[in-house]
Amino acid sequence: MTTPLAPGPPAAPERPPLLSWLAVLSVTLGIFAIVTTEILPIGLLTSIGADFTVSDGVAGLMMTMPGLLAAVSAPLVTALTGGVDRRAMLAVFVLLLAAADIMTALASSYWPVLLARVMVGVTIGGFWSIGAGLAGRLVPAARTARATAVIFSAVPLGSVLGVPLGTLVGDAAGWRTAFAALAVLSLGVLVLLLAVVPPLPAEEPTRAGALADALGGSGTRAALVLTFLVVFAHFAAYTYITPFLEQVTGAGPGLVTVHLLAYGAAGVAGNFLGGAAASRRPGAAFAGAALLIAAATLLLPVLGGGAAGSLALLVLWGAAYGAVPVCSQTLFARAVPGSPEVSAVLFTASFQATLSLGALAGGAVVDRSSPPAVMVLAGAVALLAVAAVLLGRLGRAGRT
């Protein structure tokens, strides 16, 4: 996932190119570990729920908790640690992630798992808000765009590689082993980060007032509305895709992994296609992605009874959702030009809060109805995003 660049980052100090790119790699691997840890429960939802004897909806709290905490921690951590070396803060968050994965792997009941997910949420909010704008401080200015693209490629890679591989490990050796492996990865990232990332003294901290000012802009409000509707729709349904595939499609563990892998691969393609479209017309690209998500989720209860139909619709869904984060980032960056950390905080907080609310709402529907019902809910909400874009355009046309 690429992210729009805003002017202003200070020039990176002269360092050997290999060392600079290893620093970029360490941040990339940190985001990869975070993304995989955050969304891995989607692939292992029924296994974890069965182990602790909780329903699919209650197990979905593993997705709700990190999002809520990330939404709160993104602005708080950015403001409260504004004077602390950014390298030190990244190291603290990676260590916290490793501790959360270890706690999850060793949990004897469900409540320690939820506590660990709180720790994951704090990590997401802090690491993302700091790491999102670091490319310009790690490589020379001429390489900033490429370094940024490398860092944010970790997001789709977490879906295309991290979650299917974690699900495969969980199916073969137990879900606890999957989280233990993530803890090992996180500790490896910590060692690499401390070895290759230079000291990064804090710059002028982001003020709470700057965030409040940005929220007052019409562009920010539009970005918030579209992000809420599309991300809510996606995670209300996708969080419970494994129960759907098991109960409706009749898929076993191997076929579920194949579906997740196909979804992730399509998401990588959608990320690059969406990035190109969002650079020109982010609103239209957002609406197109929302329309495809609506089509996929509304058709799954009808055509998802067989492996071929469910697989085709998941590929469509993955390609559409791959464009969503970059569209959201682009809208926030355009709404707050010249303030990359402010736009990164707003993007992270809104995205994660909506993720958690979507997973929570989807869990309530799944527990009270069925997985197909939550697909219908998601499709209806995604169509509201399309309507919001069309009405916005009609409103602007009426004022001209």
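Residues numbered from 1 in each chain as written. Predicted model: local features only at pLDDT ≥ 70, side-chain atom pairs only at ≥ 80, totals over all residues. Heavy atoms only, no water.

A. The arrangement of the packing of helix α1 (residues 17-52) against helix α12 (residues 241-249) in detail. Packing of α1 against α12 brings their axes to within 7 Å, and their N-to-C directions diverge by 55°. Considered as vectors, α1 and α12 are oriented oblique to each other. Contact with α1, carried on its side by Ile42, Gly43, Leu45 and Thr46, involves Ile241, Thr242, Pro243 and Glu246 of α12 and no other residues of that element. Of the residues belonging to the contact of α1 with α12, the class tally is four nonpolar, three polar and one charged. (Axes fitted to C-alpha atoms, helices over the stretch in contact; angles between N-to-C directions. Helix = DSSP H or I, 4+ residues; strand = E, 2+ residues; numbered from the N terminus. Parallel < 35°, antiparallel > 145°, perpendicular 65-115°, else oblique. Contact = heavy atoms within 4.5 Å. Nonpolar A, V, L, I, M, F, W, Y, C, P; charged D, E, K, R; others polar.)

B. Region of the structure containing unusual backbone geometry. Of note in this structure, Thr53 is not a glycine but carries a positive phi near 55°. By the secondary structure assignment, Thr53 is in the loop between α1 and α2 (56-59).

C. Layout of the nonpolar core. Counting 112 residues, the largest nonpolar core has Ile31, Leu138, Ile241, Trp317 and Val324 as the members making the most contacts within it. Examining the composition of this core, we find that 15 residues originate from one element, α1, more than from any other. The contacts of Ile241, once residues within four sequence positions are left out, are Ile42, Leu260, Leu300, Leu314, Trp317 and Met375. (Core = buried A, V, L, I, M, F, W, Y, C linked by side-chain atoms within 4.5 Å. Buried < 20%, exposed > 50% of the residue type's maximum accessible area, 1.4 Å probe, protein only.)

D. View of the pattern of salt bridges. Here the structure, examined in full by the defined rule, presents one salt bridge. A salt bridge links Asp51 to Arg176, with the nearest nitrogen and oxygen atoms 3.6 Å apart. Of this pair, Asp51 sits in helix α1 while Arg176 sits in helix α9 (residues 175-196), and the two are 125 residues apart along the sequence. Residue classification places Asp51 among the partly exposed residues on the basis of a relative accessible area of 40%. Assessed through its relative accessible area of 26%, Arg176 is described here as partly exposed. (Salt bridge = Lys/Arg side-chain N within 4 Å of Asp/Glu carboxyl O.)

E. Representation of a nonpolar patch on the surface within the structure. Side chains of Leu68, Phe228, Leu357 and Leu360 sit close together on the surface and give an oily, nonpolar patch of about 320 Å² of accessible area. Tracing the sequence through the fold places Phe228 in helix α11 (residues 218-238). When its relative accessible area of 36% is taken as the criterion, Phe228 is described as partly exposed. (Patch = residues over 30% accessible without salt bridge, like charges linked within 9 Å, V, L, I, M, F, W, Y side chains within 5 Å. Areas by Shrake-Rupley, 256 points an atom, 1.4 Å probe, with all protein chains shown as cover.)

F. Highlighting the environment of Arg15. Relative to the helices and strands, Arg15 is located in the segment before α1. Note on Arg15: relative accessible area 18%, which makes it buried. C-alpha separation for the pair Arg15 and Pro140, spaced 125 residues apart in sequence, amounts to 9.0 Å. In contact with Arg15, other than residues within four places in its own chain, are Ser20, Ala23, Val196 and Pro198.

G. The arrangement of the environment of Val191 in detail. Its location among the elements puts Val191 in helix α9. Exposure remark for Val191: the relative accessible area of 57% places this residue in the exposed category.

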